[in-house]
Number of protein chains: 2
Amino acid sequence: MKFRRSERLIDMTDYLKRHPHQLTTLSFFTKRYDAAKSSVSEDIVILKRTFRHQGIGLIETVPGATGGVRFIPMLSSQKANEIGDVLVERINSPKRILTGGFMYLTDLLVHPLTLDFIGRIIASKFALKDINAVMTVATKGVPLAQSVARYLNVPFVIARREAKVTEGATISINYPSYRTNRIEKMLVSKKSLNEGDRVLIVDDFSNGGGTIEGMTMLADEFGATIVGSVVLCELNAQEKKMRPFESIAKITKLDEMNKEIQVEKGSFFNDLSMLLDHVKEEG
Amino acid sequence: MKFRRSERLIDMTDYLKRHPHQLTTLSFFTKRYDAAKSSVSEDIVILKRTFRHQGIGLIETVPGATGGVRFIPMLSSQKANEIGDVLVERINSPKRILTGGFMYLTDLLVHPLTLDFIGRIIASKFALKDINAVMTVATKGVPLAQSVARYLNVPFVIARREAKVTEGATISINYPSYRTNRIEKMLVSKKSLNEGDRVLIVDDFSNGGGTIEGMTMLADEFGATIVGSVVLCELNAQEKKMRPFESIAKITKLDEMNKEIQVEKGSFFNDLSMLLDHVKEEG
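Not measured: the values here are computed from a predicted model.

Rules of the game
- Residues numbered from 1 in each chain as written.
- Chains lettered and ligands numbered in written order.
- Predicted model: local features only at pLDDT ≥ 70, side-chain atom pairs only at ≥ 80, totals over all residues.
- Heavy atoms only, no water.
- Least-squares fit on C-alpha atoms with pLDDT ≥ 70 in both.
- Contact = heavy atoms within 4.5 Å.
- Helix = DSSP H or I, 4+ residues; strand = E, 2+ residues; numbered from the N terminus.
- Expected span 1.5 Å × (residues − 1).
- Buried < 20%, exposed > 50% of the residue type's maximum accessible area, 1.4 Å probe, protein only.
- Arc of directions from axis to C-beta.
- Buried area = accessible area lost by both parts, 1.4 Å probe.
- Salt bridge = Lys/Arg side-chain N within 4 Å of Asp/Glu carboxyl O.
- Polar contact = N/O pair within 3.5 Å; in protein donor to acceptor, adjacent residues only side chain to side chain.
- Phe/Tyr/Trp six-rings, centres within 6.5 Å; stacked < 30°, edge-to-face > 60°.
- Lys NZ or Arg CZ within 6 Å of the ring centre and 35° of its normal.
- Axes fitted to C-alpha atoms, helices over the stretch in contact; angles between N-to-C directions.
- Parallel < 35°, antiparallel > 145°, perpendicular 65-115°, else oblique.
- Left-handed = near helix turned anticlockwise from the far one by under 90°.
- Nonpolar A, V, L, I, M, F, W, Y, C, P; charged D, E, K, R; others polar.

Colleague: Honestly, the relation of the copies chain A and chain B in this entry has me stumped. Any pointers?
Modeller: Note on the chain copies: they are related by a rotation about an axis and a translation along it. Rotating chain A by 180 degrees and moving it 0.0 Å along the rotation axis overlays it on chain B with an RMSD of 0.0 Å. Taken together, the rotation and translation describe the operation of a two-fold axis. Take the interface residues of chain A: 98% of them recur as interface residues in chain B, which is what a same-surface contact looks like.

Colleague: Just to check I follow, could you spell out helix α4 (residues 77-91) of chain A for this structure?
Modeller: Spacing of three or four residues puts side chains on the same side of an α-helix, whose turn is 3.6 residues. All names here are of chain A. If you check α4, its first and last C-alpha atoms are 21 Å apart, about what 15 residues at 1.5 Å a residue would give, namely 21 Å. Within α4 the residues assigned to the buried category are Ser 77, Ala 80, Ile 83, Gly 84, Leu 87, Val 88 and Ile 91. Down the axis of α4, the buried side of the element spans an arc of 135 degrees, and every buried residue falls inside it. α4 presents Gln 78 and Glu 89 as exposed residues on the side facing more than 90 degrees away from its buried surface. Looking at the buried residues of α4, the elements they touch are β5 (102-103), α5 (106-109), α6 (112-125), β11 (225-235), β12 (246-255) and β13 (260-265).

Colleague: Would you explain the interface of chain A and chain B in this entry?
Modeller: Where interface size is quoted, it is often the accessible area lost as the parts come together. Contacts between the two partners involve 56 residues from chain A and, on the opposite side, 55 residues from chain B. Together chain A and chain B conceal approximately 5,000 Å² of surface at their shared face, both sides included; 60% is due to carbon and sulfur atoms. Area buried by chain A at its contact with chain B is led by A:Ile10, A:Arg18 and A:Thr166, which between them contribute 13% of it. Seen at the junction of chain A and chain B, the total is 6 salt bridges. With a closest N to O distance of 2.4 Å, B:Asp14 and A:Lys17 form a salt bridge. Taken together, chain A and chain B are joined by 12 residue pairs in polar contact (both at pLDDT 80 or more). Looking at the side of chain A that touches chain B, the elements that each hand over two or more residues are α1 (5-18), α2 (26-33), α3 (37-53), β5, α5, α6 and α7 (142-152) of chain A.

Colleague: Help me understand the pattern of salt bridges, please; the structure alone is not making it clear to me.
Modeller: Opposite charge on two side chains permits pairing when their charged atoms draw close. By the definition in use, this model includes 30 salt bridges over all chains. Among the salt bridges present, the one from B:Arg32 reaches B:Asp11, with a minimum N-O distance of 2.7 Å. One end of the pair, B:Arg32, is in helix α2 (residues 26-33); the other, B:Asp11, is in helix α1 (residues 5-18), and 21 residues separate them in sequence. A relative accessible area of 28% places B:Arg32 in the partly exposed class. Look at the salt bridges and you will find they share partners, linking A:Arg5, A:Arg8, A:Glu42 and A:Asp43 into a network.

Colleague: How should I be thinking about unusual backbone geometry in this particular structure?
Modeller: With glycine set apart, most residues show a phi of negative sign, and most peptide bonds adopt trans. Cis geometry is adopted by the peptide bond preceding A:Thr139, which originates at A:Ala138 and carries an omega value of 0 degrees. Looking at where A:Thr139 falls in the secondary structure, it is placed in the loop between β6 (133-137) and α7. A positive phi is found at A:Asp130, a non-glycine position, where the angle reads about 50 degrees. Non-glycine residue B:His21 carries a positive phi angle of around 65 degrees.

Colleague: What is the right way to read the packing of aromatic side chains from this model?
Modeller: Aromatic ring pairs are defined here through the distance separating the ring centres and the angle between the ring planes. As enumerated under the stated definition, the model contains 14 aromatic pairs over all chains in all. Measuring from centroid to centroid gives 5.4 Å for A:Phe28 and A:Phe29, while their planes differ by 75 degrees, and the two rings are edge-to-face. Given a relative accessible area of 0%, A:Phe29 falls into the buried group. For the ring pair B:Tyr15 and B:Phe29, a centre distance of 5.8 Å and an interplane angle of 85 degrees mean the geometry is edge-to-face. Placement of the pair is B:Tyr15 in helix α1 and B:Phe29 in helix α2, with a sequence separation of 14 residues. Both residues of the pair, B:Tyr15 and B:Phe29, belong to the buried class. What links up through ring pairs into an aromatic cluster is the set A:Phe3, A:Tyr15, A:Phe28, A:Phe29 and A:Tyr33. When the ring centre of A:Phe268 is taken as origin, the NZ or CZ atom of A:Lys125, which lies over that ring, is 4.3 Å away. One cation-aromatic arrangement involves B:Arg150 over B:Tyr151; the distance from NZ or CZ to the ring centre is 5.2 Å.

Colleague: Where do I start with the packing of α6(A) against α7(A) in this structure?
Modeller: Packed helices, taken two at a time, are described by their axes: the angle between them and the distance between them. All names here are of chain A. Where α6 contacts α7, the axes come no closer than 8 Å and their chain directions differ by 55 degrees. Taken together, the axis directions place α6 and α7 in an arrangement best described as oblique. The hand of the α6/α7 crossing is right-handed. Of α7, the residues touching α6 (which contributes Leu 115, Asp 116, Ile 118, Gly 119, Arg 120, Ile 122 and Ala 123) are Pro 143, Leu 144, Ser 147, Val 148, Arg 150, Tyr 151 and Leu 152. Of the residues belonging to the contact of α6 with α7, the class tally is 9 nonpolar, 2 polar and 3 charged.

The structure is reproduced here in structure tokens:
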């Protein structure tokens, strides 16, 4: 069957969105649509322009015999700020205060469109950083890590507090928890990471940064590099921090007794120069 | 700015894919593109035809003043079978055999494109069943549940073995584990489900169906209905089953001593009459 341009554009949008960060040859598309190379090249010009204008992402063109196109999901700094405002507004509720300096965030972390938004903004900032793996700690961080990993199209790695038989052999470390002032343990499967991997750490909540420290120590054991660390929600304890990390939302006041809370946009939004509107056009 | 048809089709494909199962009014699109209603209606005819032909899903048109369009991700039974074959081939490896009747499946459950495939086929079969929530048990089932929930655009519910402070109040039950012949405990947050919810259970692995039994009992406590239960991988123990469930892959032989395994497509593929190619065109 012959495809019209309109049909090709719809299908290519679907296909590229399902295969982020993956190189697809032009000949894949010419065969798929029984179309001339020149037609597909024109399609890609239209896709590229529209993806950028509508804040869907970049389409990179890789020239040469082994070349093709690659879709890089990425949004504009304006859209990222809008999402940040919505998230802060949703987090900024005294009903979320739990005993012991914790926050109820589960409703956000089980809601597909919210997870998708958070995944998109985090992945956008690290889209051009050659990330190989997203790392998190069980269990609350997992949905966030999965959402970010999907946009970056890399596997995610789950560190756990205790070994599971279904993981096989593990590597473990002990790390300081700033919140409890105790030494805690964390482990990952030996198959999780490789030497030289470039890792993005993602977690739901940080109170002091101890678990990020732990994950960094684990990555070190593999000879992997931490390229960045982002948490959804940070309880303001900057002074204790050993490793820098970014937060989407920052709790500046948390009064358990009087059920008072203040939340503002976190350090993630201080520098959005990696987002779509700041990336220069190719050639 | 005025949009051309090609630009509208690309952006509508992106928008609809990001908002599955959600009703979007025509006037949303006419405003977004500064376009006439007749133009947008023609766009939708093209989208509808292409989405069906390319196995992306259904576009339902809801007539009237409060009407609009709704994208329902759904693939064809042929594509579902192809994905099933690939998954069975990947699971069918003696290297996956772990001690005690367990299987190493982590590599599949942390890989975005694989999760996406599994989520798509499961969600396709239940796309027209008015599911409100996807339920699973921590921790291995969570990525699968998240992937299915994203395609159905409903929240997912995580049952746990032990309470977490960040969940608030919980409801718990005891259930029989067929594998260990012991009574085990499972709990969920009180906020997880509502009376009348229609629930799809998703899990990574089942050996006898005990955890599905447990999740069904939990749902009963809320007055919610289990519409279906699907596991990625089933160890063949049909005779013990109390509740019926479907499996993507069925292990018909697992010999730990001699490291032998046999895997075939599971009962999920016995009936694919709910998939895209069997759904009739609207009036």
